[in-house]
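Here is how the chains run, residue by residue.
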Amino acid sequence: MNKNNRIKSLLLLVFTIIGFLFPVIRNDPYTLSLLLIIFVFIVAAVGFRLIYITGRLTIGQAAFMGVGAYTSALLSLNFGINPWLGLLIGGIAAGILALGIGYIVLRVGGVYFVIITLCLAEISKLFWLWWRPVTYGNSGLIDVPGFSIASFQFGINKIPYYYLSLIIMLVALFVMYRMERSRIGIALHALGQNDVLAEHLGINRTRYRVLAFTTASFFCGVVGSFYAHYIHFVHPDQFGVMPSIMIQIYGIAGGIGVFFGPIVGSFVVAGLTEFLKIAKEFQPLIYGPLLVIIMLFLPKGLIGLPQMFFKSSKK
Amino acid sequence: MNAQDILAMVINGLSSGLTLMLVALGLTLVFGILHIINLAHGELYMLGAYCVWWLSELMGFNYWFAIVLAMILIAFLGVLMERYLFRRFRAIMVPSLVVSIGLMLFLQSSILLGTGMGDKEIEPVFHGQVTFLGTSLSLGRVIIGAVATVLVIAVILFLKYARPGQAIRAVAQDAEASSLQGISMNSVSRLTMIIGSALAAAAGGLLGPVFHLDYMMGFPVLLKALLAIVLGGMGSVVGGVILGSLVIGLVHSFATTLIGPEIAEIILFLIIAFILLIRPSGFFGMELRT
């Protein structure tokens, strides 16, 4: 283990401890709920990156969040299924759907894949709007039950939800990190760099891409389901094209090249908009120019900023 | 269901297909020359509509004059976009997509900031109905279709016979070879953006009196235009787009009337996804350029 790696793991440990102690240091419902949403989007953005490294850019990940959210919310509303189980079922539903769709669409590359995923996001939203007898269309699902442990209801208290989302995020990140560092990850990177060559070396293009797609979508489903039980409300607009674009912004703004890029991106972009206290409708006014500026001047994303600084100071 | 209903559906479909064509033509031209999917193209349409609203309702210009002025203004915006952004990202997929998404978000929210939430309407210039083969049609729709047809034909003639138009086609065929022939890549891509933006603005201005203006109105149109050019074959300059837009317009009009609006769009998207999977080069057999 070299020095760089040791610093990295130390930093990680510090951040995880801060994450766990945060509610003790500052028990403020507003900050907690902000962090909680950031955690949800971090999972989605890291999943977006996992697909991206295989050479496929997707603008449809929110569709899988929607599948998780609707599955789990409908099961708990109509059949009284426990939300804890719902988290898993939501994830599995999204994963199975991703498996099926992935086998078909991941064969198509480049711009075509982008358009297909864009369609996917829009289709999923229209589908929830259309299936009125079950999803209540534009009115959305209300009174989605929250989590409880034995007789302890999570209720409106933010702290249990905060810990739950933190744990979900850490598990998802751990799985995706290990995946990228394993043999599978090497195969995924190889596909992204040159998929024809990779296939000649015995890496099955479609199968590995489907694996990445399914893993990312499974976690998207889980966080989608968590989100539904957390805000007790599910609406088609939460899972259209816009949230998918947001996931992409978080991923790319932070730096798509490294694993921790999307994490930094989510914190900085979401934190910045919160800090500037902009109304929701006007937030794109910041995101738009931010994306353009990052693409023009920081092709490595925000995470490349210190690196650039150090390099120039060494010269 | 009688013959008149069917005729009404066909004419509605053709009319929306023709205006869609204006947006799709620009999108495919830009894709053919710059190899960029400009996701902000729908916003040029939206800005065109707002520009016409601003010029005709607030400044009191004549509607047609307002459309022409809006086309010029939006074309100028397109030139700026091309000069400072798209030119740098020619044929690099990820950054160019991200930049165009950035532009899309920025233009949408700046319009929201500039004009507020409330409903904006452009006063229709033409009222009344015309009767055609026993079906009564709104005069406004017919005129929109006619103007769109004239514009499309003008663009086709320009691409076919004018020297700058021929240069555009040459670059779309082989950028390197046409550079060697002395065609300036930059001026061709600027010209393409001018044509594309002006057409999108015209479509927005024409359809403005039909719908309410809304800062999000560009995105659905962009999606449909994308579908049209996918159907016709990406980057194929003219033929495919024209057929694609008409098919999208007709399918949409029929499905909306027969089975309802949301499921109509779902069907449309599914058809397109299917076509992309079996024939990425487009349904009408245009050549795929990479």
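K.L.:
What is the right way to read the overall build of chain A from this model?
P.N.:
Counting its regular elements, chain A contains 14 helices and four strands. The C-alpha radius of gyration of chain A comes to 20 Å, within 12% of the 20 Å expected for a compact globule of 315 residues. For chain A, the spread of C-alpha atoms along the principal axes amounts to about 60 × 50 × 40 Å. Evaluated residue by residue, chain A yields a buried proportion of 53% over its 315 residues. Here chain A displays about 14600 Å² of accessible surface, and carbon together with sulfur accounts for 69% of that area. Here chain A contributes 22 positively and 9 negatively charged side chains, and the mean placements of these two sets differ by 15 Å.

K.L.:
Is there a simple way to explain the pattern of salt bridges in this structure?
P.N.:
Side chains bearing opposite charge may pair, as long as their charged atoms lie close to each other. Residues and elements named next belong to chain A. Under the counting rule described, the total for this entry stands at six salt bridges over all chains. Arg 209 serves as the salt-bridge partner of Asp 195, at 3.3 Å between the closest nitrogen and oxygen. In this pair, Asp 195 sits in helix α9 (residues 195–200) while Arg 209 sits in helix α10 (residues 205–231), placing the two residues 14 residues apart along the sequence. The pair formed by Asp 195 and Arg 209 is uniform in burial state, with each residue classed as buried. Each of Asp 195, Glu 199, Arg 205 and Arg 209 takes part in a single network of salt bridges with overlapping partners.

K.L.:
Help me understand helix α3 (residues 61–79) of chain A in this model?
P.N.:
Residues lying three or four places apart along an α-helix face the same way, a consequence of the helix completing one turn every 3.6 residues. Over its 19 residues, α3 of chain A runs 27 Å from end to end, which matches the ideal 27 Å to within 8%, given 1.5 Å per residue. Residue Gly 80 of chain A follows α3 of chain A closely and has a positive phi angle near 65 degrees.

K.L.:
Can you help me understand the interface of chain A and chain B in this one?
P.N.:
Many analyses report the size of an interface as the accessible area lost when the parts associate. Residue-level contacts link 38 residues of chain A with 41 residues of chain B. A buried area of about 3500 Å², summed over both sides, lies between chain A and chain B, and 88% of it is on carbon and sulfur atoms. There are zero salt bridges connecting chain A and chain B. In this assembly, chain A and chain B are joined by one residue pair in polar contact (both at pLDDT 80 or more). Those elements that provide at least two residues to the side of chain A that touches chain B are α4 (83–105), α5 (110–130), α11 (241–254) and α13 (284–297) of chain A. Ranked by the residues each element gives to the side of chain A that touches chain B, the list is headed by α5 of chain A, at 14 residues. When grouped by side-chain class, the residues that make up the side of chain A that touches chain B number 32 nonpolar, three polar and three charged.

K.L.:
It is not clear to me how a nonpolar patch on the surface should be interpreted in this structure. Could you clarify?
P.N.:
On the surface, Ile 7, Leu 10, Leu 11, Val 14, Phe 15 and Ile 18 of chain A cluster together into a nonpolar patch covering about 580 Å² of accessible area. Mapped onto the elements of the fold, Ile 7 of chain A is located in helix α1 (residues 3–25).

K.L.:
Hey, could you run me through the nonpolar core in this one?
P.N.:
A general trend in soluble globular proteins is that nonpolar side chains are found buried together. Residues Phe 226 and Val 234 of chain A together with Leu 39, Phe 86 and Leu 226 of chain B are the most contacted members of the largest nonpolar core, which totals 190 residues. Top element by residues in this core is helix α2 (residues 29–52) of chain A. It accounts for 15 residues. Apart from the residues within four sequence positions on either side, Leu 226 of chain B is in contact with Ile 115 and Leu 118 of chain A together with Leu 27, Ile 37 and Leu 39 of chain B.

K.L.:
Help me understand the confidence of the model for chain B in this model?
P.N.:
Low pLDDT marks stretches whose predicted atomic positions should not be read closely. Residue and element names in this part refer to chain B. On average, residues of chain B carry a pLDDT of 84, and 94% of them reach 70 or more. By mean pLDDT, the top-scoring element of chain B is helix α3 (residues 63–84) (93), and the lowest-scoring one is strand β2 (residues 135–138) (74). Under a pLDDT of 50 for its full length, residues 285–290 has, in the predicted model, 13 contacts with residues more than four places off or in other chains.

K.L.:
Explanation requested: the environment of Asn 78 of chain A in the structure shown.
P.N.:
Locating Asn 78 of chain A in the fold gives a position in helix α3. Look at Asn 78 of chain A and you get exposed, because its relative accessible area is 52%.

K.L.:
Sorry, what's going on with the packing of aromatic side chains here?
P.N.:
Under the definition given, this model contains 25 aromatic pairs over all chains. Here Tyr 177 of chain A and Phe 260 of chain A contribute two aromatic rings whose centre-to-centre distance is 6.0 Å and whose plane-to-plane angle is 45 degrees, an arrangement assigned as tilted. In this pair, Tyr 177 of chain A is assigned in helix α7 (residues 158–181) and Phe 260 of chain A in the loop between α11 and α12 (261–276), connecting sequence segments 83 residues apart. For Tyr 177 of chain A, a relative accessible area of 24% corresponds to the partly exposed category. When the centroid spacing of 5.1 Å and the interplanar angle of 65 degrees are considered together, the rings of Tyr 63 of chain B and Trp 64 of chain B count as edge-to-face. Taking relative accessible area as the criterion, Tyr 63 of chain B reaches 10% and is therefore assigned buried. Site record: aromatic cluster; members linked through ring pairs are Tyr 70, Phe 127, Trp 128, Trp 130, Trp 131 and Phe 239 of chain A. Arg 83 of chain B extends its terminal NZ or CZ atom over the ring of Tyr 84 of chain B, reaching a point 5.2 Å from the ring centre.

K.L.:
Sorry if this is basic, but what is going on with α10 of chain A here?
P.N.:
All names here are of chain A. A rise of 1.5 Å per residue sets the reference length of α10, with its 27 residues, at 39 Å; its end C-alpha atoms lie 39 Å apart and thus fit the reference within 8%. In terms of burial, α10 is largely enclosed, as 21 of its 27 residues are buried. The N-terminus of α10 is capped by Asn 204, whose side-chain oxygen sits 3.2 Å from the backbone nitrogen of Thr 206. Downstream of α10 by one or two residues, His 232 has phi in the positive range, about 60 degrees.

Thresholds, definitions, all that
Residues numbered from 1 in each chain as written. Chains lettered and ligands numbered in written order. Predicted model: local features only at pLDDT ≥ 70, side-chain atom pairs only at ≥ 80, totals over all residues. Heavy atoms only, no water. Helix = DSSP H or I, 4+ residues; strand = E, 2+ residues; numbered from the N terminus. Rg over C-alpha atoms; globule rule 2.2 N^0.38 Å. Buried < 20%, exposed > 50% of the residue type's maximum accessible area, 1.4 Å probe, protein only. Areas by Shrake-Rupley, 256 points an atom, 1.4 Å probe, with all protein chains shown as cover. Lys, Arg positive; Asp, Glu negative; His and termini not counted. Charge placed at Lys NZ, Arg CZ, Asp CG, Glu CD. Salt bridge = Lys/Arg side-chain N within 4 Å of Asp/Glu carboxyl O. Expected span 1.5 Å × (residues − 1). Contact = heavy atoms within 4.5 Å. Buried area = accessible area lost by both parts, 1.4 Å probe. Polar contact = N/O pair within 3.5 Å; in protein donor to acceptor, adjacent residues only side chain to side chain. Nonpolar A, V, L, I, M, F, W, Y, C, P; charged D, E, K, R; others polar. Patch = residues over 30% accessible without salt bridge, like charges linked within 9 Å, V, L, I, M, F, W, Y side chains within 5 Å. Core = buried A, V, L, I, M, F, W, Y, C linked by side-chain atoms within 4.5 Å. pLDDT = per-residue confidence, 0-100. Phe/Tyr/Trp six-rings, centres within 6.5 Å; stacked < 30°, edge-to-face > 60°. Lys NZ or Arg CZ within 6 Å of the ring centre and 35° of its normal.

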